[in-house]
Amino acid sequence: DWLLRLPPPVCFPAAGVASTPAGLRSRLPRGARADKVEFWKAAEEFDSSMASGRSSTARDQGPVAVAPTRKRPRSVVAWQSKAEWDQVMVGLYCGDCQTQRDALDRVSAWKSRYGHRMPLAVECTADLVRCKILDASGGLKSHELVLTYGLALVRFVNLITERKQKMVIIPLRRLATEMNIPVWIVDLRHDLTHGNLPQLSACRKGCDAVLEWLRRTYWSRQLGNNLAGECEEEDEEESPATDIDAGADSSPEEPDKLKLRVRRKHQKLREKVIDVLVSYKKQQLGVLQELQSVDKAQKEWRSSSSEVQWIMAQMTDLLQDSREVVARAMLGDGFLIPTVEDLRTLSLDLQETKEWDFRIPPTFLHFWQPLLKGLLSRDFTQTLLEKMFGEMKQRARESGLRTRYLINWITEILKANMQAKKKTKRSSKSSKNRNETSPVLFVYRVPLQWLKLLEDCLEAPCWASPHLLHLSSSA
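Since the model is a prediction, treat every value here as computed from it, not as a measurement.

The rules behind each value
- Residues numbered from 1 in each chain as written.
- Predicted model: local features only at pLDDT ≥ 70, side-chain atom pairs only at ≥ 80, totals over all residues.
- Heavy atoms only, no water.
- Helix = DSSP H or I, 4+ residues; strand = E, 2+ residues; numbered from the N terminus.
- Buried < 20%, exposed > 50% of the residue type's maximum accessible area, 1.4 Å probe, protein only.
- Contact = heavy atoms within 4.5 Å.
- Areas by Shrake-Rupley, 256 points an atom, 1.4 Å probe, with all protein chains shown as cover.
- Salt bridge = Lys/Arg side-chain N within 4 Å of Asp/Glu carboxyl O.
- Core = buried A, V, L, I, M, F, W, Y, C linked by side-chain atoms within 4.5 Å.
- Polar contact = N/O pair within 3.5 Å; in protein donor to acceptor, adjacent residues only side chain to side chain.
- Disulfide = S-S within 2.5 Å.
- Axes fitted to C-alpha atoms, helices over the stretch in contact; angles between N-to-C directions.
- Parallel < 35°, antiparallel > 145°, perpendicular 65-115°, else oblique.
- Left-handed = near helix turned anticlockwise from the far one by under 90°.
- Nonpolar A, V, L, I, M, F, W, Y, C, P; charged D, E, K, R; others polar.

## Focus: the overall build of the protein chain
The secondary structure content of the protein chain amounts to 22 helices and zero strands. Residue burial in the protein chain is summarised as follows: out of 475 residues, 39% are buried. Restricting to contacts in the protein chain with at least 6 residues of sequence separation, those with at least 24 account for 71%. Roughly 28,300 Å² of accessible area belongs to the protein chain as shown, and the carbon and sulfur atoms make up 52% of that amount.

## What about the pattern of salt bridges?
According to the stated counting rule, one finds 21 salt bridges in the structure shown. In this structure, aspartate 86 engages lysine 82 in a salt bridge whose closest nitrogen and oxygen atoms are separated by 3.0 Å. Of this pair, aspartate 86 and lysine 82 both sit in helix α4 (residues 82–92), four residues apart, roughly one helical turn. You can call lysine 82 partly exposed: its relative accessible area is 44%. Here arginine 155 ties to glutamate 123 by a salt bridge, and the two come within 3.7 Å at their closest N and O atoms.

## Brief notes about the nonpolar core
A general feature of soluble globular proteins is that nonpolar side chains tend to end up buried together. Within the largest apolar cluster, 64 residues are counted, with the highest numbers of intra-cluster contacts made by Met315, Met330, Trp368 and Trp409. Looking at this core element by element, the count peaks at 10 residues for helix α19 (residues 401–425). Contact partners of tryptophan 409, with chain neighbours within four places excluded, come to Leu336, Ile337, Ile360, Phe364, Leu365, Leu372 and Met388. Counting 52 residues, the second-largest nonpolar core is a separate cluster that includes Leu92, Ile133, Val157 and Ala176.

## Notes on unusual backbone geometry
A positive phi is found at asparagine 180, a non-glycine position, where the angle reads about 60°. Following the sequence through the fold, asparagine 180 ends up in the loop between α8 (172–178) and α9 (183–193). By relative accessible area, asparagine 180 is classed as exposed at 59%. In the Ramachandran plot, serine 347 falls in the positive-phi region, its phi being about 60° despite a non-glycine side chain. When you line up the elements, serine 347 lands in the loop between α16 (340–345) and α17 (362–375). Given the relative accessible area of 58%, serine 347 is considered exposed.

## Structural notes on the side chain of threonine 161
Relative to the assigned elements, threonine 161 resides in helix α7 (residues 142–162). We classify threonine 161 as buried; its relative accessible area is 4%. Separated by 2.5 Å, the side chain of threonine 161 and the backbone oxygen of valine 157 make a polar contact. Apart from residues lying up to four places away in sequence, threonine 161 is in contact with Leu172, Leu175 and Met179.

## Describing the state of the cysteines
Note on terminology: a disulfide is the covalent bond linking the sulfur atoms of two cysteines. Tallied over the entire structure, the rule returns zero disulfides. The closest cysteine sulfur to the non-disulfide-bonded cysteine 207 is located on cysteine 131, 5.9 Å from its own sulfur. Cysteine 207 gets classed as buried once you look at its relative accessible area, which sits at 0%. Cysteine cysteine 462 shares no disulfide, and the gap to the nearest cysteine sulfur, in cysteine 457, comes to 7.0 Å.

## Considerations on the side chain of threonine 383
Within the secondary structure, threonine 383 is located in helix α18 (residues 378–394). Since its relative accessible area comes to 8%, threonine 383 is described here as buried. A distance of 3.5 Å separates the side chain of threonine 383 from the side chain of arginine 323, its partner in a polar contact. Setting aside chain neighbours within four positions, we find threonine 383 in contact with Arg323, Glu324 and Ala327.

## Points about the packing of helix α13 (residues 294–302) against α17
It is at 9 Å that the axes of α13 and α17 come closest, and there the two elements cross at 25°. Here α13 lies roughly parallel to α17, going by the angle between them. By crossing handedness, the relation of α13 to α17 is classed as left-handed. Judged by residue contacts, Val294, Gln298, Trp301 and Arg302 of α13 engage Pro362, Thr363, His366, Phe367 and Pro370 from α17. Its residues assigned to classes, the contact of α13 with α17 shows five nonpolar, three polar and one charged.

Here it is in structure tokens:
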């Protein structure tokens, strides 16, 4: 009876602590230790006699094959029982604010025990429920509620899709489709991050849709599918309201509507990319106007400021939606392809880039190097080069400023990628001296689809084709 009165452990003990007599002896109350000494001594003598008996038997009967024993893995959880889990789930999804607050307090206790190992679905559910409680309290204004809802929705999309990302960046819309997350939730997250803030009604609708997705995908499965029938019935009733793609009919006009929707989405994304690129240009030109020296500005451009890093983060986020749209926007006039006014602003002569020179002017390369260095991953480098060859195919017989810079950018990117692997083999001192004189586009060499690039080069014949073919084949 004294053993039954021991307090329950907070978590499972480590292997080998409570499974041996010595380990259990250290965990007994002080009064019980002195009374049970003889018992533990007898137990140890019994174990030693059994071990000696087994050894003598093994010597008499010869070697015996012993099956390896596997220790059952033990996992530590933050909740005390399944009943507590069920109670928290019901409390979070009920309509009573006080019950929801009690459930959130229990989730906070789980968080203090679990730490970073807390299930993401539980965290996201708690964040969204907190938003609904703040909304029901009436203590926040409309724009404050939009920001509160927006933070919870952005965290949901980022955290849930982050573990699905691999070495190759996958667009969020594709991941959402694979995970049965409504695509308009990703669009809402995109507006909250980059565009104008949406209306409060849209944020409330998004919160309800995400909570329903979490309940159906995570919580109901933990309950042993007890709510499966209820969820399926509610899905049939609420699917037209929660998913804009669920009510699509099979009429002949639907493909045209889908194409028009995708075209509008790409146009909207292109406008956002252009806005970010314009912000980048203003930031870099502001440095030049402040220093009044191209050489000093180049040194300042190499050390990216916090504003430039924020712009790079925005571009990386936009890149996940569509690499093709970002590449086409960057190849527009006024960005990677300079205008005459841009060259004059940077004190560059129009004749500085001559044919058969195949290089970007150093000032212009320093101007765009921080952004390109952050964006030139394996997939985006491949996409950008393919778009450049596609532009050259359309301008095969032209030899203007645009064609010249397309050829020079292809050469610069291919050469920088080939030299990236050699830089890692050099000493840190030599690489440091090189970084001070020339901008670096690649930290490490990225693998490219060279056969595809060779085919694109052959399909875009121009006066520089021999040089580009030799450069692609030698890589």
